[in-house]
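Chain residues, written in single-letter form:
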Amino acid sequence: MYEEYFSRNWAMSTQATRIMSETLEFSNIIPILVSLILLVFTYVLLKQLFGKAKGNTIIMMGIEGSGKTALYAQLVAGKEVQTQSSLTENTSQLSAPPLKVVDVPGNARLRGDIFTKYSSAVRGVVVVVDSADFVDKVRECSEVLFEVLLNDNVRSSKCPILVFCNKQDEEMSRGPDPIKVAMERELTTLNNTAANALSDDSGARKMLGAENEAIKLDKLGHKVTAVGGVCVGPDMDISNLNSWIATL
């Protein structure tokens, strides 16, 4: 009788101990599971916020005659070349940093599709303007920048944009700051024009800001920098471009 009572109580005690042990083990797992869930959530969030900004391509844009292809040649080959209007893009690979560079044709009818083609891997965009001829071409130059800023991949990645004010060695050239201010005025006009245009296939109008809002490049979510330089001749200097690329 005593042995049966002892045996039954011993079994109950053993079972209770096992249950308590399993409960403690489960309670120890809970913090680990919570930590893993938070880690996965943080990873997904950071990837959404910053993942698209790490493409591998620098895209060079600009109207015909801006010196864009000559600048491209200095950047990738370190020499002057004879350039002419092209119907196709030029591409090269930098070694340091290891980035692809695409020179998009300046022809207005061609550049849009080619720019879109490479924009999915955009790391940064260089908009080249002719500082000496800028007063007469301010609208055309601003249309290029407007096109860049409205690109879906550029907007989602918030990639840096460099306005390279070329031909600073010429007597009639404008400086980077006046060029940036003038382009902001033109962007405001272009944005207001877009506000009155027909919507795209999705039913939305692509705009940089509200109608009649003064467009300021520093407030668009991108880091838009304007610098000066010279891509050909004895005063050749593209150090500002190289310094910008080093920050990408």
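Residues numbered from 1 in each chain as written. Predicted model: local features only at pLDDT ≥ 70, side-chain atom pairs only at ≥ 80, totals over all residues. Heavy atoms only, no water.

A closer look at the side chain of Ser-131
What counts, and what does not: The helix and strand labels rest on DSSP assignments: H or I over at least four residues marks a helix, E over at least two residues marks a strand, and numbering proceeds from the N terminus. Under the scheme applied here, a residue whose accessible area is under 20% of the maximum for its type counts as buried, over 50% as exposed, and between as partly exposed, the area being computed with a 1.4 Å probe on protein chains only. We call two N or O atoms a polar contact when they sit within 3.5 Å, provided that within protein one can donate a hydrogen and the other can accept it, with sequence-adjacent residues counted only if both atoms are side-chain atoms. Note on definitions: a residue-residue contact is assigned when non-hydrogen atoms from the two residues lie within 4.5 Å.
With respect to the element layout, Ser-131 can be found in the loop between β4 (122-130) and α4 (134-150). By relative accessible area, Ser-131 is classed as buried at 0%. Within the structure, the side chain of Ser-131 is placed 2.8 Å from the side chain of Gln-168, a separation counted as a polar contact. For Ser-131, the residues in contact, after removing those within four places along its chain, are Cys-165, Asn-166, Lys-167, Gln-168, Met-172, Ser-173, Arg-174 and Ile-179.

Quick look at the environment of Met-207
With respect to the helices, strands and loops of the structure, Met-207 is situated in the loop between α6 (176-195) and β6 (224-228). Separated by 19 residues in the primary sequence, Met-207 and Thr-188 have C-alpha atoms spaced 9.9 Å apart.

So, the layout of surface pockets
Test applied: Space inside and on the surface of the protein is sampled on a 1 Å grid over the protein atoms alone, with a cavity defined as a set of points where a 1.4 Å probe fits but cannot get out and a pocket as an open set with protein on both sides within 12 Å along at least 5 of 7 lines; lining residues have an atom within 4 Å of a point. Grid points are joined across faces, edges and corners, and a volume is the space filled by probe spheres set on the points. The residue classification treats Ala, Val, Leu, Ile, Met, Phe, Trp, Tyr, Cys and Pro as nonpolar and Asp, Glu, Lys and Arg as charged. All others, Gly included, are polar.
Reported here for the largest pocket is a volume of approximately 350 Å³. Lining the largest pocket we find 22 residues, and of these Lys-68, Thr-69, Thr-83, Gln-84 and Ser-85 sit closest to its centre. Among the elements that make up the lining of the largest pocket, the one with the highest residue count is helix α2 (residues 68-77) (5 residues). A per-class count over the lining of the largest pocket returns 6 nonpolar, 12 polar and 4 charged. What the second largest pocket holds in volume is close to 220 Å³.

Digging into α4
So the rule is basically this: To get the bend at a residue, fit one axis to the 7 residues ending there and another to the 7 starting there, then take the angle between the axes.
Bending of α4 peaks at approximately 35 degrees at the position of Glu-140. For α4, the full list of buried residues reads Phe-134, Val-138, Cys-141, Ser-142, Val-144, Leu-145, Phe-146, Val-148, Leu-149 and Leu-150. Each element contacted by the buried residues of α4 is listed here: β1 (57-61), α3 (108-119), β4, α5 (152-157), β5 (161-166) and α6.

Some details on the nonpolar core
Quick reminder of the rule: Remark: nonpolar core denotes a set of buried residues (Ala, Val, Leu, Ile, Met, Phe, Trp, Tyr, Cys) joined through side-chain atoms within 4.5 Å.
Membership of the largest hydrophobic core comes to 40 residues, with the highest contact counts inside it found for Val-125, Val-129, Ile-161 and Leu-187. Every element with two or more residues in this core is listed here: β1, α3, β4, α4, β5, α6 and β6. Among the elements that take part in this core, α4 stands out by supplying 9 residues, more than any other. Those residues in contact with Val-129 that lie beyond four places of it in its chain are Ser-66, Phe-134, Cys-141, Val-163, Phe-164, Cys-165, Asn-166, Ile-179 and Met-183.

Concerning the packing of α3 against α4
We apply this condition: Note on geometry: axes are C-alpha line fits, over the in-contact stretch for helices, and angles between N-to-C directions span 0 to 180 degrees. Should an angle fall under 35 degrees it is called roughly parallel, over 145 degrees roughly antiparallel, and 65 to 115 degrees roughly perpendicular, with every other angle called oblique. Note on convention: near helix rotated counterclockwise from far helix by under a right angle means a left-handed crossing. Clockwise means right-handed.
Contact geometry of α3 with α4 gives a least axis separation of 11 Å together with a crossing angle of 30 degrees. Regarding the angle of α3 to α4, the classification is roughly parallel. The chirality of how α3 crosses α4 is right-handed. Listed contacts from α4 to Arg-111, Gly-112 and Phe-115 of α3 are Val-144, Glu-147 and Val-148. Among the residues making up the contact of α3 with α4, the classes are represented as 3 nonpolar, 1 polar and 2 charged.

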